[in-house]
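# Topology and contacts: notes
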Amino acid sequence: MIVKTLDDVLGTEHEVKGGNWTSRRLILRDAKMGFSLHDTLIHEGTETLIWYKNHLEAVYCIEGQGEIEVLPDGPTHPIRAGTLYALDGHEKHLLRAFKEMRMVCVFNPPLTGREVHDEHGVYPAMLEDA
Ligand code: 9YT
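Throughout what follows, the structure given in this document is the object of discussion. (Residues numbered from 1 in each chain as written. Predicted model: local features only at pLDDT ≥ 70, side-chain atom pairs only at ≥ 80, totals over all residues. Heavy atoms only, no water.)

## Observations concerning the nonpolar core
Core analysis: the largest hydrophobic core is formed by 19 residues, its most contacted members being I42, I68, I79, Y85, L95, M101 and M103. Sorting the residues of this core by element identifies β5 (56–70) and β8 (93–108) as the ones contributing at least two each. Sort the elements by how many residues they give to this core and β8 lands first, with six residues. Once you skip the residues sitting within four places of it in the chain, M101 turns out to touch T40, L41, I42, E63, G64, Q65, G66, I79, L95 and R96. (Core = buried A, V, L, I, M, F, W, Y, C linked by side-chain atoms within 4.5 Å. Buried < 20%, exposed > 50% of the residue type's maximum accessible area, 1.4 Å probe, protein only. Helix = DSSP H or I, 4+ residues; strand = E, 2+ residues; numbered from the N terminus. Contact = heavy atoms within 4.5 Å.)

Okay, here's the thing in structure tokens:
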């Protein structure tokens, strides 16, 4: 059984800063749960291009306000506390935060822990074996 708190992650290598966001990675691939789980802050006033072509991601907003625009033609969905979106089609998207958003993010396959987006908004398939 795994028990930890956000404080256990803050200030460690599993608090990953991605420019527009800070991802506090609570459960990672090495936990062998089949998913990773992150408590992520999307910083206010930012717009981030994201394309998880190698991963499925579900995102549940628990604080803040923003929107997600599916590329290339929309739609655009508002996001506020209580909104869930799940990228079950590997949708390329723009994520905008009007007020800092706090998101609970789940990835399948799980992240190894160190991933940041490349210039296309993509995470590599499996960084730790690279
Ligand atoms: C919502 C989203 O995809 N934000 C980017 C960071 C990512 N969720 C992560 O690595 O925690």
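And the narrative resumes.
## What to know about the pattern of salt bridges
Close approach of charged atoms allows side chains with opposite charge to pair. In this structure the tally under the stated criterion is seven salt bridges. Residue E63 is joined to R102 by a salt bridge in which the shortest nitrogen-to-oxygen separation is 3.5 Å. Taken as a pair, E63 in strand β5 and R102 in strand β8 lie far apart in primary sequence, 39 residues in all. Of the residues examined, R102 reaches a relative accessible area of 21% and is grouped as partly exposed. Salt-bridge contacts for R96 lead to E69; the nearest nitrogen and oxygen are separated by 2.5 Å. Of the two residues, R96 is situated in strand β8 and E69 in strand β5; the sequence distance between them amounts to 27 residues. When sorted by exposure, R96 lands in the same class as E69, which is buried. Here the residues in one salt-bridge network are R24, D39, E63 and R102, joined through shared partners. (Salt bridge = Lys/Arg side-chain N within 4 Å of Asp/Glu carboxyl O.)

## Notes on unusual backbone geometry
For the bond running from G74 to P75, omega is 5 degrees, close enough to zero to count as cis. Positionally, P75 belongs in the loop between β5 and β6 (76–80). A cis amide bond links N108 to the next residue, P109, at an omega of -5 degrees. One non-glycine residue, K32, lies in the positive phi region at around 55 degrees. Owing to a relative accessible area of 74%, K32 belongs among the exposed residues under this scheme. A positive phi is found at H90, a non-glycine position, where the angle reads about 55 degrees. You can see H90 is positioned in the loop between β7 (84–86) and β8.

## Focus: the state of the cysteines
Scanning the model with the defined rule gives zero disulfides in all. Free of any disulfide, C61 has its nearest neighbouring cysteine sulfur in C105, separated by 9.8 Å. A residue is classified by how much of its surface remains accessible, and C61, at 1% relative accessible area, is buried. Residue class for C105 comes out buried when judged on its relative accessible area of 5%. (Disulfide = S-S within 2.5 Å.)

## A closer look at the packing of aromatic side chains
In the structure shown here, the tally under the stated rule is one aromatic pair. Centroid distance Y52 to F107: 4.9 Å. Interplanar angle 85 degrees. Geometry classified as edge-to-face. Taken together, the positions of Y52 in the loop between β4 (47–50) and β5 and F107 in strand β8 put the pair 55 residues apart, joining distant regions of the chain. With respect to burial, Y52 and F107 carry one shared label: buried. A cation over an aromatic ring shows up here: K92 above the ring of W51, its NZ or CZ 4.6 Å from the ring centre. (Phe/Tyr/Trp six-rings, centres within 6.5 Å; stacked < 30°, edge-to-face > 60°. Lys NZ or Arg CZ within 6 Å of the ring centre and 35° of its normal.)

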